[in-house]
Amino acid sequence: MNAMQIGATAAACSAISQVIADLPEGPRTMVGIATFDSTIHFYHLKRALQQPLMLVVPDIQDVYTPLQSDVIVPLSECRQHLELLLESIPTMFQNNRTAESAFGAAIKAAFLAMKSTGGKLLVFQSVLLSVGIGALSAREAEGRTNISAGEKEAHKLLQPADKTLKTMAIEFAEYQVCVDVFLTTQSYIDIASISVVPRTTGGQVYYYHPFSVLSDTAKLYNDLRWNITRPQGFEAVMRVRCSQGIQVQEYLGNFCKRIPTDIDLAGIDCDKTIMVTLKHDDKLPDGSEFAFQCALLYTTLYGQRRIRVTNLSLSVTSMLSSLFRVADLDAQFTCLLKQAAMDIPSSPLVQVREQPVNTCINILLSYRKFCATVSSSGQLILPEALKLLPLYTLALIKSTGLRPDGKIDDRSFWINYVSSISTPLAIPLVYPRMIPIHDLKTREEEGSIVPSSIPLSSEHISDGGIYLLENGDDALIYVGGSVDSGILQQLFGASTVEEIPSQFVLQQYDNPVSKKLNEVVNEIRRQRCSYLR
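Analysis parameters
- Residues numbered from 1 in each chain as written.
- Predicted model: local features only at pLDDT ≥ 70, side-chain atom pairs only at ≥ 80, totals over all residues.
- Heavy atoms only, no water.
- Helix = DSSP H or I, 4+ residues; strand = E, 2+ residues; numbered from the N terminus.
- Rg over C-alpha atoms; globule rule 2.2 N^0.38 Å.
- Buried < 20%, exposed > 50% of the residue type's maximum accessible area, 1.4 Å probe, protein only.
- Contact = heavy atoms within 4.5 Å.
- Areas by Shrake-Rupley, 256 points an atom, 1.4 Å probe, with all protein chains shown as cover.
- Lys, Arg positive; Asp, Glu negative; His and termini not counted.
- Charge placed at Lys NZ, Arg CZ, Asp CG, Glu CD.
- Patch = residues over 30% accessible without salt bridge, like charges linked within 9 Å, V, L, I, M, F, W, Y side chains within 5 Å.
- Salt bridge = Lys/Arg side-chain N within 4 Å of Asp/Glu carboxyl O.
- Domains from an automatic or database assignment.
- Core = buried A, V, L, I, M, F, W, Y, C linked by side-chain atoms within 4.5 Å.
- Expected span 1.5 Å × (residues − 1).

- Identification of the protein chain as Protein transport protein Sec24-like At4g32640 from Punica granatum is taken from an unreviewed UniProt entry.

1. Things to note about the overall build of the protein chain
Point 1. When helices and strands are counted, the protein chain shows 17 helices and 17 strands.
Point 2. Here the protein chain has a C-alpha radius of gyration of 25 Å; the compact-globule value for 533 residues is 24 Å, and the two agree.
Point 3. In terms of principal-axis extent, the alpha carbons of the protein chain reach across some 85 × 65 × 55 Å.
Point 4. Among the 533 residues that make up the protein chain, the fraction classed as buried is 47%.
Point 5. Within the protein chain, counting contacts between residues at least 6 apart in sequence, those at least 24 apart form 70% of the total.
Point 6. Carbon together with sulfur atoms contributes 53% to the accessible area of the protein chain, which is approximately 26,400 Å² in total.
Point 7. Here the protein chain contributes 47 positive and 54 negative side-chain charges, whose respective centroids are spaced 5 Å apart.

2. Let's talk about a nonpolar patch on the surface
Point 1. Taken together, the side chains of Met 54, Val 56 and Met 92 define a hydrophobic patch exposed on the protein surface, amounting to about 230 Å² of accessible area.
Point 2. Of note, Met 54 is situated in strand 4 (residues 53-57).
Point 3. Classification of Met 54 as partly exposed rests on a relative accessible area of 32%.

3. As for the domain arrangement of the protein chain
Point 1. What the domain assignment reports for the protein chain is domain 1 (8-229), domain 2 (233-318), domain 3 (329-427) and domain 4 (432-528).
Point 2. In this structure, domain 2 and domain 4 have C-alpha centres spaced 41 Å apart.

4. Focus: helix 13 (residues 389-397)
Point 1. Of all the positions in helix 13, only Leu 389, Tyr 392, Thr 393, Ala 395, Leu 396 and Ile 397 are classed as buried.
Point 2. Lining the buried residues of helix 13 we find helix 11 (329-343), helix 12 (349-370), helix 14 (408-419) and helix 15 (423-430).

5. Some details on the environment of Gln 503
Point 1. Here Gln 503 lies in the loop between helix 16 (485-492) and helix 17 (512-528).
Point 2. For Gln 503 and Arg 533, which are 30 residues apart along the polypeptide, the C-alpha to C-alpha distance reads 9.9 Å.
Point 3. With residues near it in sequence (within four places) discarded, Gln 503 still touches Ser 212, Leu 214 and Ser 215.

6. What about the nonpolar core?
Point 1. Counting 71 residues, the largest nonpolar core has Ile 40, Ile 107, Leu 121, Phe 172, Val 179, Leu 337 and Trp 414 as its most contacted members.
Point 2. Broken down by element, this core gets its largest block of residues, eight residues, from helix 4 (residues 103-114).
Point 3. Shared between two domains, this core holds at least three residues of each, these being domain 1 (8-229) and domain 3 (329-427).
Point 4. If sequence neighbours within four positions are ignored, Phe 172 has contacts with Ile 107, Lys 108, Phe 111, Val 177, Val 179, Val 197 and Thr 201.
Point 5. Counting residues in each nonpolar core, the second largest holds 28 residues, with Ala 11, Cys 13, Ala 15 and Phe 93 among its members.

7. Brief notes about helix 4
Point 1. For helix 4, which comprises 12 residues, the first-to-last C-alpha distance of 16 Å matches the rise-based estimate of 16 Å (1.5 Å per residue) to within 8%.
Point 2. Most of helix 4 is tucked away: 10 of the 12 residues are buried.

8. Let's talk about the pattern of salt bridges
Point 1. One pass over the structure, following the stated rule, counts 18 salt bridges.
Point 2. Close ionic contact of Arg 230 with Asp 271 constitutes a salt bridge, the shortest N to O distance being 2.8 Å. Taken together, the positions of Arg 230 in the loop between helix 9 (213-229) and strand 9 (232-242) and Asp 271 in the loop between strand 11 (263-269) and strand 12 (275-280) put the pair 41 residues apart, joining distant regions of the chain.
Point 3. According to the relative accessible area criterion, Arg 230 is buried, its value standing at 1%.
Point 4. Salt bridges linked by common partners bring Arg 230, Asp 269, Asp 271 and Lys 272 together as one network.

This is the structure:
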């Protein structure tokens, strides 16, 4: 019911209908549609029928598929019925008053239908899973009423409520079913529990909160389209090998691990990153070469089985100065970020916040102690390659996941997002990019579509300027109080700041400045592989 009221059902059906054309043609492309509230509704899409036939599964504790076949059929055989069904679903359920959601039972039933082939399961959810398999309670409200229990227990709300969904997810991964979840919600939905399914199956969580038809319909479509069209593979197995003396300590990311040496990925795509931590269990001879190999075996969209091998050879040094000289700031910070995200659900927040700070201090202390020239104790000495590490570490502490005042679902989504984030997107997530957009004409000579960014400090912001702030997922536009009315009219179609709505949807007006702003935003979207909210 909630999905109907907020327009999420219509937005999802419209998005699916538009991306059907982007699906690859051929006999391997098979599709199926199911809807759910407190029961599950499958649809018979066989071409022989005049219109799609609804098949209701009322049992949400011991679920089943109503047909052995014809629930999932080749796209070429059901395209017309599929378009008709997607057009009719919003009106079909417009008078629905059922408030419950059988999310767990629905994905289990969909899995049973896909079990023989594997593939990708896309789920759209708007309310808390409240009935059937894996039913959840509003733990966030319970956490608020139990605040006297002490802050040390707060992190438990960031852990899954129980093992039901995790057990299901492991089974999904075993049969190569990858699950992506699109959360179009305006209330608490317990991402900590739901996200276990996409994380275990190599999938992804998309979070639109609070969902708005005005600002999120286009983002939902673009996210869904990129999810389907981006370079990706299925049925993947990955292993990292090292020279003798070094061994893999831990893998971090979205995968299922059944044996110590390999990780299984029901789905893998170009946006996912797996972090591997190493340890040395033997003395490494100075000046020797050590080799690393990552092997990924996967199946393409067209059924071809391929293996991708990446090799790396590095020199061993006992000179700390050499190590600091070639240190990779982005990689170092990404490790800090992912380690913090992994620790948040299992440790008190105070302890998690201290860890990256202590790591940063230890790194800089080692450089001062063993590499820097003698100087006064009050002088700050930073290695050139890591001079921004303290700034990024402080930004990390202020980020959504590590702030004590953050909402439970927001923090859970942040943890899930960080677990598979790529290195180029890690720093903007905590230290956003700010771009002046009031003088785009004068910045055209820079040679790049996106103007140079400026530091995040008030001294670089003028009251007569307009600034775009983006972190790879969200974007904000700050408009100074003394901005020229002509620029406002060209960019936003408004004469004063007060006329610009707080929920602003970017439009292109018939002038060069507006066209340039749209080019800048579209280039950022391309760079980030995200529509920006």
